[in-house]
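A structural walkthrough
These are the residues of each chain, in order.
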Amino acid sequence: GAVGDMFNNEKRAASVRCPTLVIHGVDDEVVPFFHGQRLLAAVPEEYRACPFWVEGMGHNHIESRCRRRYVAVVAHFLQMTAPPPPAPGPYPGEAEARYRHRT
């Protein structure tokens, strides 16, 4: 049978202050699909990424049975939310090494 939200995730989601990707199997019998929908709705709108609702999947094995799509969705999420790379140099210790070289 289905369990309720024993972790109270929906209530906690309102406090989220970072980009959030919800992944949920549409045919999940452990945590019913509507929990994923409600969880997404509870995350503040500015932090919601497009969810990955996985047709034909239950609670487990989304990452292995839908690997190509799963990796694409997660990679896209990370690319869209990752901070920009740091500006090149000076690298740690570079300024000190230049100073020591002059003396």
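Notes on the structure follow. Note that the structure is predicted; figures quoted are calculated from it, not measured.

Within helix 2 (residues 33-42), burial applies to Phe33, His35, Gly36, Leu40 and Ala42. Each element contacted by the buried residues of helix 2 is listed here: helix 1 (9-13), strand 1 (23-25) and strand 2 (52-54).

Under the criterion given, the structure shown has one aromatic pair. Both rings, one in Phe33 and one in Trp53, keep their centres 5.0 Å apart while their planes meet at 85°; by these two values the pair is edge-to-face. Note that Phe33 is positioned in helix 2 and Trp53 in strand 2, a separation of 20 residues in sequence. Using a relative accessible area of 17% as the deciding quantity, one classes Phe33 as buried. Since its relative accessible area comes to 26%, Trp53 is described here as partly exposed.

What follows deals with the pattern of salt bridges. By the definition in use, this model includes one salt bridge. Among the salt bridges present, the one from Glu10 reaches Arg38, with a minimum N-O distance of 2.9 Å. Here Glu10, found in helix 1, pairs with Arg38, found in helix 2; they are 28 residues apart in sequence, far enough to count as distant.

Once that is clear, we can look at the nonpolar core. In terms of nonpolar packing, the biggest core is built from eight residues, these being Leu21, Phe52, Val54, Met57, Ile62, Cys66, Val73 and Phe77. Looking at this core, the elements that each hand over two or more residues are strand 2 and helix 4 (67-81). Ignoring any residue separated from it by four or fewer positions in sequence, one finds Phe77 in contact with Pro19, Thr20, Leu21 and Ala49.

A few words now on the environment of Ser15. Looking at the secondary structure, you find Ser15 in the loop between helix 1 and strand 1. For the pair Ser15 and Val43, spaced 28 residues apart in the sequence, the C-alpha separation amounts to 7.5 Å.

The subject of this paragraph is unusual backbone geometry. One non-glycine residue, Asn8, lies in positive phi territory at about 55°. The class of Asn8 is partly exposed, set by a relative accessible area of 37%. One non-glycine residue, His61, lies in the positive phi region at around 75°. Note on placement: His61 falls in the loop between strand 2 and helix 3 (62-65).

Rules used throughout
- Residues numbered from 1 in each chain as written.
- Predicted model: local features only at pLDDT ≥ 70, side-chain atom pairs only at ≥ 80, totals over all residues.
- Heavy atoms only, no water.
- Buried < 20%, exposed > 50% of the residue type's maximum accessible area, 1.4 Å probe, protein only.
- Helix = DSSP H or I, 4+ residues; strand = E, 2+ residues; numbered from the N terminus.
- Contact = heavy atoms within 4.5 Å.
- Phe/Tyr/Trp six-rings, centres within 6.5 Å; stacked < 30°, edge-to-face > 60°.
- Salt bridge = Lys/Arg side-chain N within 4 Å of Asp/Glu carboxyl O.
- Core = buried A, V, L, I, M, F, W, Y, C linked by side-chain atoms within 4.5 Å.

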